[in-house]
Amino acid sequence: MKRRDLIVGSLAAGAALALPARALAQLADPLASEFDRTFGAPTPAVPAPVEPALPVVVAPNPAYDRKILTIAARERDRLGAKLWRTDIVGVADFARPSTLPRLHFANLESGTVRSFLVAHGRGSDPEHSGFLHQFSNIPGSEATSRGAYITAEWYKGKYGTSIRLLGQDQDNSEALPRAIVMHPASYATPEHIARFGKLGRSEGCFAMSPQDFNEALWHLSGGRLLYADRIGDA
């Protein structure tokens, strides 16, 4: 054998020794098939499913605002003399995801609507999808309850100044013993959405951004009405 053939043969042998086991097996088809039967063919990596982003912006919708004002007036009239103040009604639309402003302050005197972020209870969204899936009035459920509430006095609680709520319907009659209130929380902010893709969850309370909560203290407390349900776009 010529010296050149010896050198080439030696290099080929050295390269083969450096190859991974399956690459060596592929040098001969029968050996590769035997390798796959014994050790299993390599499984291609499957990318993890990507959770779709929830919307963070909603287009202006005058028809929807009119619907909120109509519901606010209907519930104000239903409760009548139970309310101490009837100028502004809060309407929480839990058909919307937590990334959208869904706590609406309906001014029945000016016919305008202002909207804010609000969290729902973890018992209403066990998988933390960002959507409310169920209401509950059961103690210990940590769920949001639907129905009409009368806002009562301020008090100092776990989250600072908070507003007690008095449930007026069969579906939220346990609000006071369950300590369902309005309060500020850091998990109810736009910054929380930017970091985690949705708001955090409360224990059934109406949690708002600390930056917005003064709006509730000044414009929704003092015997006004807060109404919660799934409403949806007009």
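Residues numbered from 1 in each chain as written. Predicted model: local features only at pLDDT ≥ 70, side-chain atom pairs only at ≥ 80, totals over all residues. Heavy atoms only, no water.

Visitor: Give me the lowdown on the sheet that holds strand 8 (residues 225–229), citing residues and values where you can.
Guide: The strand order 3-2-1-8-4-5-6-7 describes an open sheet built from 8 strands, whose pairing is mixed. Each edge of the open sheet is held by one strand with a lone partner, namely strand 3 (112–116) and strand 7 (206–208). Averaged over all adjacent pairs, the angle separating strand axes in this sheet is 30°, with direction ignored. Pairing of strand 1 (residues 88–93) with strand 8 involves 5 bridges; the strand directions are parallel. Within strand 8, the residue paired with Val91 across the bridge is Tyr227. In the packing of helix 4 (residues 62–79) onto the sheet, contacts are made with strand 1, strand 2 (103–107), strand 3, strand 4 (147–157) and strand 8, and the angle to strand 8 comes to roughly 120°. (Pairing = 2+ DSSP bridges. Helix = DSSP H or I, 4+ residues; strand = E, 2+ residues; numbered from the N terminus. Axes fitted to C-alpha atoms, helices over the stretch in contact; angles between N-to-C directions. Contact = heavy atoms within 4.5 Å.)

Visitor: Hey, could you go over helix 6 (residues 210–219) for me, with residue numbers and the actual values?
Guide: Of the positions making up helix 6, those classed as buried are Phe213, Ala216 and Leu217. The buried residues of helix 6 occupy an angular sector of 100° when projected down its axis, which confines them to one face. Facing away from the buried side of helix 6 by more than 90 degrees, the exposed set consists of Gln211 and Trp218. (Buried < 20%, exposed > 50% of the residue type's maximum accessible area, 1.4 Å probe, protein only. Arc of directions from axis to C-beta.)

Visitor: Talk me through the confidence of the model for the chain; I want residue IDs and the actual numbers.
Guide: Interpretation of this model should avoid reading the predicted coordinates in detail wherever pLDDT is low. For the chain, the average pLDDT comes to 86, and 77% of its residues sit at 70 or higher. Throughout residues 1–28 the model reports pLDDT below 50, and contacts reaching past four residues in sequence, or to other chains, amount to 12 contacts. (pLDDT = per-residue confidence, 0-100.)

Visitor: Could you give an account of the pattern of salt bridges, naming the residues involved and the relevant values?
Guide: A full pass over the atoms with the stated rule returns 11 salt bridges. Close ionic contact of Glu75 with Arg78 constitutes a salt bridge, the shortest N to O distance being 2.6 Å. Of this pair, Glu75 and Arg78 both sit in helix 4, separated by 3 residues, roughly a single helical turn. Residue classification places Glu75 among the buried positions, given a relative accessible area of 3%. We note a salt bridge from Arg146 to Asp229, for which the minimum N-O separation is 3.2 Å. Note that Arg146 is positioned in the loop between strand 3 and strand 4 and Asp229 in strand 8, a separation of 83 residues in sequence. You can call Asp229 buried: its relative accessible area is 16%. Taken together, the shared-partner salt bridges connect Arg74, Glu75, Arg78 and Asp169 into one network. (Salt bridge = Lys/Arg side-chain N within 4 Å of Asp/Glu carboxyl O.)

Visitor: Describe the nonpolar core, with residues and values.
Guide: Core analysis: the largest hydrophobic core is formed by 23 residues, its most contacted members being Phe94, Leu103, Phe105, Met182, Phe206, Met208 and Leu226. Counting residues per element, the ones that place at least two in this core are strand 1, strand 2, strand 5 (160–167), strand 7, helix 6 and strand 8. When residues of this core are assigned to their parent elements, the largest contribution, 3 residues, is made by helix 6. For Met182, the contacting residues outside a window of four places in its chain are Leu103, Ser162, Ile163, Leu165, Phe206, Met208, Phe213, Ala216, Leu220 and Leu226. The next biggest cluster of nonpolar side chains, apart from the first, holds 16 residues, and it includes Ile68, Leu69, Ala148 and Tyr227. (Core = buried A, V, L, I, M, F, W, Y, C linked by side-chain atoms within 4.5 Å.)

Visitor: Requested: an account of the packing of aromatic side chains, with residues and values cited.
Guide: With the rule as written, the count across this model stands at 6 aromatic pairs. With a centroid separation of 6.3 Å and 75° between ring planes, the pair formed by Phe94 and Phe135 is classed as edge-to-face. Remark: Phe135 occurs in the loop between strand 3 and strand 4 and Phe94 occurs in the loop between strand 1 and strand 2; sequence separation between them is 41 residues. Using a relative accessible area of 1% as the deciding quantity, one classes Phe94 as buried. What links up through ring pairs into an aromatic cluster is the set Phe94, Phe135, Tyr149 and Phe206. (Phe/Tyr/Trp six-rings, centres within 6.5 Å; stacked < 30°, edge-to-face > 60°.)

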